[in-house]
Each structure stands twice: as C-alpha cells, then as structure tokens.
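Commentary on secondary and tertiary structure
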Amino acid sequence: MIDGRALVLACSAVGAGLAMIAGLGPGIGQGIAAGHAAAAVGRNPGAKSDITSTMLLGQAVAETTGLYGFAVAIILLFANPLIGKL
Amino acid sequence: MSGQFPGMILADADFMIHGVFRYTLFGQELYITTTHVAMFIVTIIILIIMICAHHTMKHAKQIPGTFQNIIEMYVQTIDNMVASIMGKNARRFVNYICTIFMFILFCNLSGLLGLRPPTADYGVTLPLGLITFALVQGCGIAKNKGKHFTNLFQPVPILFPINLIGEFAVPLSLSLRLFGNIMSGTVMMGLIYGLLPIFLKLGLPAALHVYFDVFSGAIQTYVFCMLTMVYINDKIADE
C-alpha cells in the first residue's frame, strides 16, 4: 500500500522530468538560428557583429519557453504546491 | 538515505536560499537571506569601483593607464550599444542602461566569489522587470499621450485582450528569462559540487564556472539590456 504523500512526491518527480521535455523546442530553434547566422556570416563577413547580436537576441527570446518548463520543474521539486492539498 | 538505496551516490546539493538572520516586523516573521548578503557585497564592490573610477576620471591622463582604459572602454561600448538601437534618443537612456548592465553583470558574476547569485532569486529579477515595464509605459504615455491607450484597440477592437496580455507579458518574460538562466546555472553548479569527491572539487568545476557564470551571465546581461532598449524604442520611435 502506497501512502498519498509518497505517491504525490513520486508523481511530482516524474512531472518535473516531463516538464523538462520543453527543452527540446528551444534547442532546435536555437540551432536553426545559429545555423542561419553562420550562413549569413559566410555570405557577408563584414556584418559579423550585427549578425551575432541579432542571433543572440533571437536565441534568448526563443529560450523563454524552455525556461517556463524549467520554472515548472523547479517548483515541482522544491516548492511543491500539491503536498499541501493532501 | 544511501543506506536504503545501495549503489546510489548521495548528493547533498545546496543551492537554495537560506535565512541568515530572523526578525519580526508588524507581526510577520522575516529573514535577512543569502540574497540580501550577496547583493550587499555586490553593491559595495560596484560602489568601490565607481568611486575609484570617479577619482581616476577626475585626473584623467592624456595617455590612459590600465584602469582608465577599462572604464573608457566600458562606457564607449555601452554608448555604442544604446546608440545602435535607439539612435537620437540614446542620450536619455544611456545612464539607465549603463546602471542595470553593471548591476546585473556583477550579480551574475558573484557566483565566482562563492556567493549565491542574487539574480537567481525571483524577488530580485521581478523588480528589475517591473522597472523596465514602468519605464516602457511611462515613455509610451509621455510620447503618445492618449493614443498610447487607444493603440491597444488597433488594428481591430476585438484584439484588445491579446494586446493587453502582450503588454503585461513584457516584465514577466524579461524577469523569468534572467531568473531561469541564472537559476539553472546555480542548480547545475550545486549538483556538481554535491556529487564530486573532495579532491576533485578543486579545479574541475572551474571550467563549468566559465560557462555557467561568466558566459551565460554575460549573455543574459546583454540580452536583458538589449530587450529593455528594444521595448522602450518600440514606444518612443517616430513612425
């Protein structure tokens, strides 16, 4: 017999792992951005600094969704709101 | 714990915020936390550097020394960065950008001193985002007067809720981005320090500090300032 608290903790750990799947999207997106930036530098090496700053800005914005997933995982692991509902 | 699960390595990871000193205010139990301590140290370091810089620039030499060179380079870099985004409005905002750039950079780098970075606390990054939000809205109202609010109903009135959410997402995403990046670095470093045996703790984590504290911290500082400028420029640029 599993008591409720242990079940909630176990499911929270699994949920935190599932939330980090959100890291998949930003990874792909940042890779595409970096690839296109590399191609752009190859075509126009003079504009390297402009391209780099634009790429970093775009990558940082693309990263946001992954960080939302990370925030959910951290909340589930260290500030679990579900335990209090038992 | 490790007695119960043989074969598992027990990691005593320590990366949470701790209370250092407890006091009571209006019946509430409050703490001076590690964030306050780290921020106090960072503020003092910045103050010392700035006082030295003020002293150096007062007696600026024709041929600059090392310190004067660094200060001039820093100011020039920020000047160019702001000018490239904002154009002729740059003069009004360069002081603010310079300040938050230095503050966030030193906060992120404070992980190198063994402190818990203050920006890994949501209570620090949310006010930073809210300051930007207030600045963006204030600039919008000052520039466009009543049109600032009627712009929410453009191009069709039915888009009003989406426009409103778009406005309020600015401080949330700005603060969460900074917090998430620095927090993930702090968690990773905490786990690695917890896992490694004592003789490996010297040296090996230094390489990871370079990535998680220096590289990631500098990039996030740059991105925060860049996005702040872009959001402000959205409101005050002439059509």
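Our subject is the structure that appears above.
The notes below deal with the structure included here. All values derive from a computational prediction rather than experimental measurement. (Residues numbered from 1 in each chain as written. Chains lettered and ligands numbered in written order. Predicted model: local features only at pLDDT ≥ 70, side-chain atom pairs only at ≥ 80, totals over all residues. Heavy atoms only, no water.)

1. Here we look at the packing of aromatic side chains
All names here are of chain B. Counted only if it meets this: Only the six-membered ring of Trp is used, alongside the rings of Phe and Tyr, when aromatic pairs are assigned; centres must lie within 6.5 Å, and planes under 30 degrees apart are stacked while those over 60 apart are edge-to-face, with the rest tilted. Helix and strand definitions follow DSSP, with helices as H or I runs of at least four residues and strands as E runs of at least two, each counted in order from the N terminus. Burial classes follow relative accessibility: with a 1.4 Å probe on protein chains only, a residue under 20% of its type's maximum area counts as buried, one over 50% as exposed, and anything between as partly exposed.
The full count for this structure, using the stated rule, is seven aromatic pairs over all chains. Plain terms: the ring middles of Tyr 122 and Phe 179 are 5.4 Å apart, the flat faces sit at 70° to each other, and that makes the pair edge-to-face. Linking Tyr 122 in helix 4 (residues 122-144) with Phe 179 in helix 6 (residues 160-195), this pair joins segments that are 57 residues apart in sequence. Judged by its relative accessible area of 26%, Tyr 122 falls in the partly exposed class.

2. A word on the interface of chain A and chain B
Selection criterion: Contact between two residues is taken to exist if any of their heavy atoms lie within 4.5 Å; hydrogens are not considered. Buried area is calculated as the accessible area (1.4 Å probe) missing from two parts once they are joined, with the contributions of both summed. Note on definitions: salt bridges are taken to be side-chain nitrogens of Lys or Arg within 4 Å of carboxyl oxygens of Asp or Glu. In protein, a polar contact requires one atom able to donate a hydrogen and another able to accept it; more generally it is a pair of N or O atoms within 3.5 Å, and residues adjacent in sequence count only if both atoms are side-chain atoms. Polar here means any residue outside two lists: the nonpolar Ala, Val, Leu, Ile, Met, Phe, Trp, Tyr, Cys and Pro, and the charged Asp, Glu, Lys and Arg; Gly therefore counts as polar.
On the chain B side, the residues contacting the 13 residues of chain A number 17 residues. Roughly 1,300 Å² is buried in total at the junction of chain A and chain B, and carbon and sulfur atoms are behind 81% of that figure. Here chain A and chain B share zero salt bridges between them. Applying the counting criterion to the chain A and chain B interface returns two residue pairs in polar contact (both at pLDDT 80 or more). Examining the composition of the side of chain A that touches chain B, we find that seven residues originate from one element, helix 4 (residues 64-78) of chain A, more than from any other. Residues that form the side of chain A that touches chain B fall into these classes: 10 nonpolar, two polar and one charged.

3. Observations concerning the pairing of strand 2 (residues 28-33) of chain B
Residues and elements named next belong to chain B. For clarity, the cut-off: The rule for pairing is simple: two strands pair if DSSP sees at least two bridges between them.
As paired elements, strand 1 (residues 19-25) and strand 2 share six bridges and run antiparallel to each other. Note that in strand 2 the partner of Phe 21 across the bridge is Ile 32. Following strand 1, the chain reverses through two residues before pairing antiparallel with strand 2; Phe 26 in that reversal takes a positive phi of roughly 50°.

4. Things to note about the state of the cysteines
All names here are of chain B. For the record, the criterion: Only a pair of cysteine sulfur atoms within 2.5 Å counts as a disulfide in this structure description.
Throughout the structure, instances matching the rule amount to zero disulfides over all chains. Here Cys 98 stays free of any disulfide, with the sulfur of Cys 225 as its closest cysteine sulfur at 9.0 Å. Take Cys 225: its relative accessible area is 0%, and that puts it in the buried class.

5. Things to note about the layout of surface pockets
Quick reminder of the rule: A cavity here means a set of 1 Å grid points, computed over protein atoms only, where a 1.4 Å probe fits but cannot escape. A pocket is an open set with protein on both sides within 12 Å along at least 5 of 7 lines, and lining residues have an atom within 4 Å of a point. Grid points are joined across faces, edges and corners, and a volume is the space filled by probe spheres set on the points.
Volume-wise, the largest pocket comes out at about 790 Å³. Elements supplying a minimum of two residues to the lining of the largest pocket: helix 2 (24-43), helix 3 (48-62) and helix 4 of chain A together with helix 6 and helix 7 (204-236) of chain B. Per-element tally for the lining of the largest pocket: the top contributor is helix 4 of chain A, with seven residues. The residue makeup of the lining of the largest pocket, split by class, is 18 nonpolar, nine polar and one charged. Its boundaries defined by the atoms lining it, the second largest pocket holds a volume of some 530 Å³. In terms of lining residues, the second largest pocket is bounded by 25 residues, among which Asp 14, Gly 114, Leu 115, Arg 116 and Tyr 193 of chain B are the most central. Looking at the lining of the second largest pocket, the elements with two or more residues in it are helix 1 (34-58), helix 6 and helix 7 of chain B. Looking at the lining of the second largest pocket, the element that brings in the most residues is helix 6 of chain B, giving seven residues. Of the residues contributing to the lining of the second largest pocket, the split by class is 11 nonpolar, nine polar and five charged.

6. Digging into helix 7 of chain B
Condition: Expected helix span is taken as 1.5 Å per residue step, with the number of steps being one fewer than the number of residues. Axes are fitted to the seven residues ending at a residue and to the seven starting at it; the angle between these axes is taken as the bend at that residue.
Look at helix 7 of chain B: 48 Å from first C-alpha to last across 33 residues, which is about the 48 Å you get at 1.5 Å a residue. When the local axis directions of helix 7 of chain B are compared, the greatest deviation, roughly 30°, occurs at Val 210 of chain B.

7. Quick notes on unusual backbone geometry
Residue and element names in this part refer to chain B. One non-glycine residue, Lys 145, adopts positive backbone phi at about 50°. Mapped onto the fold, Lys 145 is located in the loop between helix 4 and helix 5 (147-150). For Lys 145, a relative accessible area of 55% translates into the label exposed.

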